[in-house]
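Reading the structure
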Amino acid sequence: MLSLDLLFCYMLIILIVLQNLAVAYPRKIFRYDPKEAGAFEGDIILPPSTRGVGEAAQEARWTNGIVPYVIKSGDFNAEQEAVIVKSMRRLEQSVAINNKLCIQFRLKVSTDKHFTTIKTGAGCTSSVGQNWYSTKELTLGNGCIHEGTIMHELLHTLGFWHEQSRPDRDNYVTVQYANVLPGLEHAFNKYTTSVDTLGTPYDYESLMHYGSHDFSSNGKPTIVPKNSTAKIGQGHSLSRIDILEVQLYYQCTGPVSVEKN
């Protein structure tokens, strides 16, 4: 039987080995796998010719704020589909004005020219806006069936880009490119054209903001807020400014024409 002293020595050796392995093979921290998903900025399926907050082009807005959708048959079980639909309803209610809908997600009908297909795949990704191209998709792979994640992707579907893509982002955050996974630096691009900040302030609390360690190659921060008390990447609900932006983007002064789901 091992003595306590010898057992302690063995445990200490194991701990040292594990620490060395952690240094030699740092954990790669990122929210999505853009290489597997073929996505731009991690979770955006890039239109043919676009580059903030909302996509500036008027045609990116869904007609009357209504987003028809199809859930690909056989891709999700009943429980997963329920979470997807619940996330849609939660987003609708979050941006409603006096309990009147501002935007609506409803099942596609035969007369719909534009719609998005929700399916499984690699990563959590979405096309941005309505009219860029005929095929619009929202992909929910392993680990994506959570309300916050789904609402994030649905905001892309509605026409919104990541918060840190805003043209004024350098006034509020510093991107640490040395810590970004090689080849994914473009995920931190900012844009000065083709986006509309809607006159709103930079929003650290946005559901559309990356977390501080997203796409990190070494476990160190990739985005550092210049406000030392700010928290980014909350990932679970729309912020107050997110709500305002959707209302402004879809010019919600009254209810949309609610259609049968």
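Because the structure is predicted, anything quoted here is derived from the model rather than measured.

A word on the UniProt feature "active site" (unreviewed entry) in the protein
Those places that UniProt annotates as "active site" (unreviewed entry) correspond, in this numbering, to Glu-153. For Glu-153, the location among the structural elements is in helix α4 (residues 147-158). Among the residues examined, Glu-153 registers a relative accessible area of 0% and is labelled buried.

Some words on the confidence of the model for the protein
For the protein, the mean per-residue pLDDT works out to 81, and 74% of the residues sit at or above 70. Contacts of residues 15-42 to residues separated by more than four positions or lying in other chains number 57 contacts, the stretch itself having pLDDT below 50. Below a pLDDT of 50 lies the segment residues 44-52, which in the model reaches 36 contacts outside its immediate sequence neighbourhood of four places, other chains included.

Regarding the packing of aromatic side chains
Enumeration over the complete set of coordinates arrives at nine aromatic pairs. Note on Phe-160 and Tyr-249: the rings are 4.8 Å apart at their centroids and 55° apart in plane angle, and the pair reads as tilted. In this pair, Phe-160 sits in the loop between α4 and β8 (173-175) while Tyr-249 sits in helix α5 (residues 240-249), placing the two residues 89 residues apart along the sequence. Between Tyr-210 and Phe-215, the aromatic rings sit 5.2 Å apart at their centres with planes inclined by 55°, giving tilted as the arrangement. Like Tyr-210, the residue Phe-215 is buried in the burial classification. Put simply, the rings of Phe-160, Tyr-249 and Tyr-250 touch in pairs and so form one group of aromatic residues. A cation over an aromatic ring shows up here: Arg-61 above the ring of Tyr-249, its NZ or CZ 3.8 Å from the ring centre. Over the ring of Phe-115 we find Lys-108; its NZ or CZ atom is 5.0 Å from the centre of that ring.

Notes on the pairing of strand β7 (residues 136-140)
Burial within β7 is extensive, with four of its five residues counted as buried. Taken together, the four bridges between strand β5 (residues 116-119) and β7 define a ladder with parallel strand orientation. The partner of Thr-117 across the bridge, within β7, is Glu-137. Of the pairings in the sheet, the one linking strand β6 (residues 124-127) to β7 comprises three bridges and is antiparallel in character. Residue Ser-126 lies in a different strand from β7, and its bridge partner there is Leu-138.

Here we look at the state of the cysteines
A full pass over the atoms with the stated rule returns two disulfides. Covalently, Cys-102 is tied to Cys-252 through a disulfide, its sulfur atoms 1.6 Å apart. A torsion of 65° about the S-S bond marks the disulfide between Cys-102 and Cys-252 as right-handed. Of this pair, Cys-102 sits in the loop between α3 (78-95) and β4 (104-107) while Cys-252 sits in the segment after α5; the two residues are 150 residues apart in sequence, bridging distant segments of the chain. For the residue pair Cys-102 and Cys-252, the accessibility class agrees, reading buried in each case. Linked covalently through their sulfurs, Cys-124 and Cys-144 form a disulfide whose S-S length is 2.0 Å. Disulfide Cys-124-Cys-144: the torsion about the S-S bond is -85°, which places it as left-handed. You can see Cys-124 sitting in strand β6 and its partner Cys-144 sitting in the loop between β7 and α4, a full 20 residues away along the chain.

A look at the side chain of Ser-239
Among the secondary structure elements, Ser-239 is positioned in the loop between β10 (223-225) and α5. The contacts of Ser-239, once residues within four sequence positions are left out, are Asp-203, Glu-205, Ser-206 and Gln-234.

Remarks on the pattern of salt bridges
With the rule as written, the count across this model stands at nine salt bridges. For Glu-137, the salt bridge goes to Lys-119, with nearest N and O atoms at 3.2 Å. Taken together, the positions of Glu-137 in strand β7 and Lys-119 in strand β5 put the pair 18 residues apart, joining distant regions of the chain. By relative accessible area, which is 22% here, Glu-137 ends up partly exposed. Of the charged contacts, one joins Lys-190 and Asp-170 as a salt bridge, the two residues approaching to 2.6 Å between their closest N and O atoms. Taken together, the residues Lys-190 in the loop between β8 and β9 (195-196) and Asp-170 in the loop between α4 and β8 connect sequence positions 20 residues apart. On the basis of relative accessibility, which here comes to 32%, the residue Asp-170 falls in the partly exposed class. Members of the salt-bridge network, linked through shared partners, are Lys-86, Arg-90 and Glu-147.

Cut-off values and rules
- Residues numbered from 1 in each chain as written.
- Predicted model: local features only at pLDDT ≥ 70, side-chain atom pairs only at ≥ 80, totals over all residues.
- Heavy atoms only, no water.
- UniProt positions renumbered as here; feature names shortened; annotations may be inferred.
- Helix = DSSP H or I, 4+ residues; strand = E, 2+ residues; numbered from the N terminus.
- Buried < 20%, exposed > 50% of the residue type's maximum accessible area, 1.4 Å probe, protein only.
- pLDDT = per-residue confidence, 0-100.
- Contact = heavy atoms within 4.5 Å.
- Phe/Tyr/Trp six-rings, centres within 6.5 Å; stacked < 30°, edge-to-face > 60°.
- Lys NZ or Arg CZ within 6 Å of the ring centre and 35° of its normal.
- Pairing = 2+ DSSP bridges.
- Disulfide = S-S within 2.5 Å.
- Salt bridge = Lys/Arg side-chain N within 4 Å of Asp/Glu carboxyl O.

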